[in-house]
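Residue-level structural notes
What follows is each chain in one-letter form.
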Amino acid sequence: MNLNLLNTAFMLLWVVVGHSQNNNNSSIKQESITEVFEKEDTKEEIDRLKFKKDRLEYRLAEVKKSPVGREYEISQIEGTINYIDHKIKEKENILKSEIYAQEFNIPEKGSLSDEEYRKKKMENLPDNKSGNMTIKTTLTQEEFDRLPKDRQEKILSMPERYTISK
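Residues numbered from 1 in each chain as written. Predicted model: local features only at pLDDT ≥ 70, side-chain atom pairs only at ≥ 80, totals over all residues. Heavy atoms only, no water.

Okay, the overall build of the protein next. Counting its secondary structure elements, the protein contains 6 helices and 2 strands. Counting helices and strands in the order they occur from the N terminus, the protein gives α-α-α-α-β-α-α-β. The buried share of the protein, taken over its 166 residues, is 20%. Here the analysis covers contacts within the protein between residues at least 6 apart in sequence; of these, 53% occur between residues at least 24 apart. Surface accessibility of the protein: about 13,700 Å² in total, with carbon and sulfur atoms responsible for 54%. (Helix = DSSP H or I, 4+ residues; strand = E, 2+ residues; numbered from the N terminus. Buried < 20%, exposed > 50% of the residue type's maximum accessible area, 1.4 Å probe, protein only. Contact = heavy atoms within 4.5 Å. Areas by Shrake-Rupley, 256 points an atom, 1.4 Å probe, with all protein chains shown as cover.)

Structural data, given as C-alpha coordinates:
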(Lines give C-alpha, C1' and ligand atoms only; values in the text may rest on other atoms or scores of the structure.)
Protein backbone atom coordinates (compact mmCIF):
# COMPACT_ATOMS: atom_id res chain seq x y z
CA MET A 1 0.00 0.00 0.00
CA ASN A 2 2.83 2.37 0.85
CA LEU A 3 4.36 1.68 -2.54
CA ASN A 4 1.14 2.72 -4.32
CA LEU A 5 0.94 5.89 -2.24
CA LEU A 6 4.58 6.67 -3.02
CA ASN A 7 4.02 6.10 -6.77
CA THR A 8 0.94 8.32 -6.71
CA ALA A 9 2.81 11.10 -4.90
CA PHE A 10 5.69 10.81 -7.36
CA MET A 11 3.32 11.01 -10.35
CA LEU A 12 1.54 14.01 -8.85
CA LEU A 13 4.87 15.75 -8.26
CA TRP A 14 5.91 14.93 -11.84
CA VAL A 15 2.72 16.50 -13.25
CA VAL A 16 3.07 19.64 -11.10
CA VAL A 17 6.72 20.18 -12.09
CA GLY A 18 5.96 19.56 -15.76
CA HIS A 19 3.01 21.97 -15.68
CA SER A 20 5.05 24.73 -14.02
CA GLN A 21 7.80 24.37 -16.63
CA ASN A 22 5.23 24.61 -19.44
CA ASN A 23 3.79 27.79 -17.90
CA ASN A 24 7.28 29.33 -17.68
CA ASN A 25 8.02 28.48 -21.32
CA SER A 26 4.69 29.87 -22.53
CA SER A 27 5.27 33.16 -20.69
CA ILE A 28 8.67 33.45 -22.41
CA LYS A 29 7.07 32.70 -25.76
CA GLN A 30 4.46 35.38 -25.15
CA GLU A 31 7.18 37.90 -24.32
CA SER A 32 9.21 36.99 -27.38
CA ILE A 33 6.41 37.25 -29.93
CA THR A 34 6.06 40.79 -31.24
CA GLU A 35 2.67 42.42 -31.25
CA VAL A 36 0.71 42.03 -34.45
CA PHE A 37 -0.43 45.64 -34.35
CA GLU A 38 2.53 47.96 -34.16
CA LYS A 39 2.14 51.56 -33.09
CA GLU A 40 1.49 53.89 -36.00
CA ASP A 41 3.73 56.63 -34.64
CA THR A 42 7.36 55.72 -35.23
CA LYS A 43 8.57 57.24 -31.95
CA GLU A 44 5.94 55.32 -29.97
CA GLU A 45 6.94 52.09 -31.72
CA ILE A 46 10.62 52.67 -30.91
CA ASP A 47 9.70 53.28 -27.25
CA ARG A 48 7.55 50.12 -27.20
CA LEU A 49 10.37 48.03 -28.69
CA LYS A 50 12.94 49.47 -26.26
CA PHE A 51 10.63 48.67 -23.33
CA LYS A 52 10.19 45.11 -24.59
CA LYS A 53 13.98 44.78 -25.04
CA ASP A 54 14.61 46.01 -21.48
CA ARG A 55 12.18 43.42 -20.09
CA LEU A 56 13.87 40.66 -22.10
CA GLU A 57 17.34 41.75 -20.98
CA TYR A 58 16.16 41.64 -17.37
CA ARG A 59 14.72 38.16 -17.93
CA LEU A 60 17.96 37.06 -19.61
CA ALA A 61 19.97 38.21 -16.60
CA GLU A 62 17.67 36.24 -14.30
CA VAL A 63 17.95 33.08 -16.41
CA LYS A 64 21.73 33.35 -16.66
CA LYS A 65 22.00 33.28 -12.86
CA SER A 66 21.14 29.56 -13.02
CA PRO A 67 21.66 28.55 -16.66
CA VAL A 68 21.79 24.78 -16.15
CA GLY A 69 19.14 23.22 -18.37
CA ARG A 70 18.02 26.59 -19.71
CA GLU A 71 20.26 26.88 -22.75
CA TYR A 72 17.32 26.83 -25.13
CA GLU A 73 15.54 29.58 -23.24
CA ILE A 74 18.72 31.69 -23.17
CA SER A 75 19.26 31.31 -26.90
CA GLN A 76 15.59 32.12 -27.56
CA ILE A 77 15.75 35.30 -25.49
CA GLU A 78 19.04 36.37 -27.10
CA GLY A 79 17.59 35.78 -30.56
CA THR A 80 14.54 37.85 -29.71
CA ILE A 81 16.72 40.67 -28.39
CA ASN A 82 18.71 40.63 -31.65
CA TYR A 83 15.47 40.74 -33.63
CA ILE A 84 14.19 43.68 -31.58
CA ASP A 85 17.53 45.50 -32.08
CA HIS A 86 17.09 45.07 -35.83
CA LYS A 87 13.50 46.38 -35.68
CA ILE A 88 14.61 49.39 -33.59
CA LYS A 89 17.29 50.25 -36.16
CA GLU A 90 14.71 50.00 -38.97
CA LYS A 91 12.33 52.30 -37.11
CA GLU A 92 15.12 54.78 -36.30
CA ASN A 93 16.05 54.91 -39.99
CA ILE A 94 12.42 55.62 -40.86
CA LEU A 95 12.29 58.32 -38.20
CA LYS A 96 15.50 59.89 -39.51
CA SER A 97 14.16 59.88 -43.06
CA GLU A 98 10.91 61.55 -41.90
CA ILE A 99 12.88 64.21 -40.01
CA TYR A 100 15.13 64.72 -43.04
CA ALA A 101 12.10 65.14 -45.28
CA GLN A 102 10.58 67.69 -42.94
CA GLU A 103 13.83 69.68 -42.61
CA PHE A 104 14.38 69.93 -46.36
CA ASN A 105 10.71 70.34 -47.33
CA ILE A 106 10.61 67.11 -49.29
CA PRO A 107 7.02 66.09 -49.94
CA GLU A 108 5.54 63.07 -48.24
CA LYS A 109 5.55 59.81 -50.14
CA GLY A 110 2.53 59.53 -52.39
CA SER A 111 1.27 63.08 -51.88
CA LEU A 112 2.24 64.43 -55.34
CA SER A 113 1.05 63.65 -58.84
CA ASP A 114 3.69 62.69 -61.43
CA GLU A 115 3.75 66.18 -62.92
CA GLU A 116 4.07 67.84 -59.50
CA TYR A 117 6.86 65.42 -58.60
CA ARG A 118 8.83 66.24 -61.79
CA LYS A 119 8.40 69.96 -61.12
CA LYS A 120 9.58 69.57 -57.51
CA LYS A 121 12.52 67.45 -58.65
CA MET A 122 13.54 70.05 -61.22
CA GLU A 123 13.40 72.78 -58.57
CA ASN A 124 15.81 70.83 -56.38
CA LEU A 125 18.41 70.11 -59.08
CA PRO A 126 21.47 72.26 -58.28
CA ASP A 127 22.40 73.53 -61.77
CA ASN A 128 19.09 73.30 -63.54
CA LYS A 129 16.25 75.73 -62.84
CA SER A 130 15.09 75.96 -66.46
CA GLY A 131 12.85 72.87 -66.44
CA ASN A 132 14.86 70.76 -68.89
CA MET A 133 15.78 67.34 -67.60
CA THR A 134 19.47 67.53 -68.43
CA ILE A 135 22.11 66.46 -65.97
CA LYS A 136 25.72 67.12 -66.92
CA THR A 137 28.26 64.36 -67.03
CA THR A 138 31.83 65.28 -66.19
CA LEU A 139 34.74 63.53 -67.88
CA THR A 140 38.40 63.98 -67.11
CA GLN A 141 40.68 64.94 -69.95
CA GLU A 142 42.26 61.48 -69.84
CA GLU A 143 38.88 59.75 -70.13
CA PHE A 144 37.94 62.00 -73.02
CA ASP A 145 41.25 61.30 -74.84
CA ARG A 146 40.72 57.53 -74.58
CA LEU A 147 37.39 57.70 -76.39
CA PRO A 148 37.12 57.06 -80.15
CA LYS A 149 37.11 60.17 -82.38
CA ASP A 150 33.43 59.87 -83.33
CA ARG A 151 32.43 59.71 -79.65
CA GLN A 152 34.66 62.71 -78.85
CA GLU A 153 32.93 64.72 -81.59
CA LYS A 154 29.52 63.75 -80.28
CA ILE A 155 30.48 64.84 -76.74
CA LEU A 156 31.88 68.13 -78.00
CA SER A 157 28.65 68.78 -79.90
CA MET A 158 26.61 68.56 -76.65
CA PRO A 159 28.15 71.03 -74.17
CA GLU A 160 24.85 71.17 -72.26
CA ARG A 161 25.27 67.49 -71.30
CA TYR A 162 29.04 67.05 -70.94
CA THR A 163 31.86 68.90 -69.24
CA ILE A 164 35.54 68.03 -69.52
CA SER A 165 37.73 68.68 -66.49
CA LYS A 166 41.51 68.78 -66.37
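Contact geometry of helix α2 (residues 42–65) with helix α3 (residues 71–103) gives a least axis separation of 9 Å together with a crossing angle of 160°. The pairing of α2 with α3 is recorded here as roughly antiparallel in orientation. Classified by chirality, the crossing of α3 by α2 is left-handed. A breakdown of the residues in the contact of α2 with α3 according to their chemical character gives 12 nonpolar, 2 polar and 15 charged. (Axes fitted to C-alpha atoms, helices over the stretch in contact; angles between N-to-C directions. Parallel < 35°, antiparallel > 145°, perpendicular 65-115°, else oblique. Left-handed = near helix turned anticlockwise from the far one by under 90°. Nonpolar A, V, L, I, M, F, W, Y, C, P; charged D, E, K, R; others polar.)

With that settled, the discussion passes to the nonpolar core. Ranked by size, the top nonpolar core spans 9 residues in total: L49, L56, L60, V63, I74, I77, I81, I84 and I88. Where this core is concerned, the elements lending two or more residues are α2 and α3. The greatest single-element share of this core, amounting to 5 residues, is contributed by α3. If we ignore the near neighbours within four places in the chain, the residues touching L60 are I74, I77, E78 and I81. (Core = buried A, V, L, I, M, F, W, Y, C linked by side-chain atoms within 4.5 Å.)

Before going further, it helps to examine the pattern of salt bridges. If you walk through the whole model with that rule in mind, you get 9 salt bridges. R59 is the partner of E73 in a salt bridge, and the nearest nitrogen-oxygen pair spans 2.8 Å. Placement of E73 in helix α3 and of R59 in helix α2 is noted, with a sequence separation of 14 residues between them. Here E73 falls in the buried class, since its relative accessible area comes to 10%. Look at R59 and you get buried, because its relative accessible area is 17%. A single network of salt bridges, built from pairs that share partners, joins R59, E62, R70 and E73. (Salt bridge = Lys/Arg side-chain N within 4 Å of Asp/Glu carboxyl O.)

As a further point, take the confidence of the model for the protein. Chain-level pLDDT for the protein is 78 on average; 75% of the residues reach the 70-or-more range. Per-residue pLDDT, averaged within each element of the protein, yields its smallest value for helix α1 (residues 2–32) (63) and its largest for α2 (91). Contacts from residues 26–33, a stretch scored under 50 in pLDDT, to residues over four places away or in other chains number 12 contacts. (pLDDT = per-residue confidence, 0-100.)

Our focus in this paragraph is α3. End to end, α3 covers 48 Å across 33 residues, agreeing with the expected 48 Å (1.5 Å per residue, within 8%). Of the residues flanking the end of α3, it is N105, one or two places downstream, whose phi is positive at about 55°. (Expected span 1.5 Å × (residues − 1).)

This part is about a nonpolar patch on the surface. On the surface, F10, M11 and W14 cluster together into a nonpolar patch covering about 410 Å² of accessible area. Mapped onto the elements, M11 comes out in helix α1. (Patch = residues over 30% accessible without salt bridge, like charges linked within 9 Å, V, L, I, M, F, W, Y side chains within 5 Å.)

A cluster of acidic side chains, namely E40, D41, E44, D47 and E98, defines a negative patch on the protein surface. Position of E40 relative to the elements: it lies in the loop between α1 and α2. (Lys, Arg positive; Asp, Glu negative; His and termini not counted. Charge placed at Lys NZ, Arg CZ, Asp CG, Glu CD.)

Next up on the list: the side chain of R48. Relative to the helices and strands, R48 resides in helix α2. With a relative accessible area of 12%, R48 lands in the buried category.

Before going further, it helps to spend a moment on the environment of T80. Counting through the fold element by element, T80 comes out in helix α3. Taking the C-alpha atoms as reference points, T80 and L56, separated by 24 residues in sequence, lie 8.1 Å from one another.

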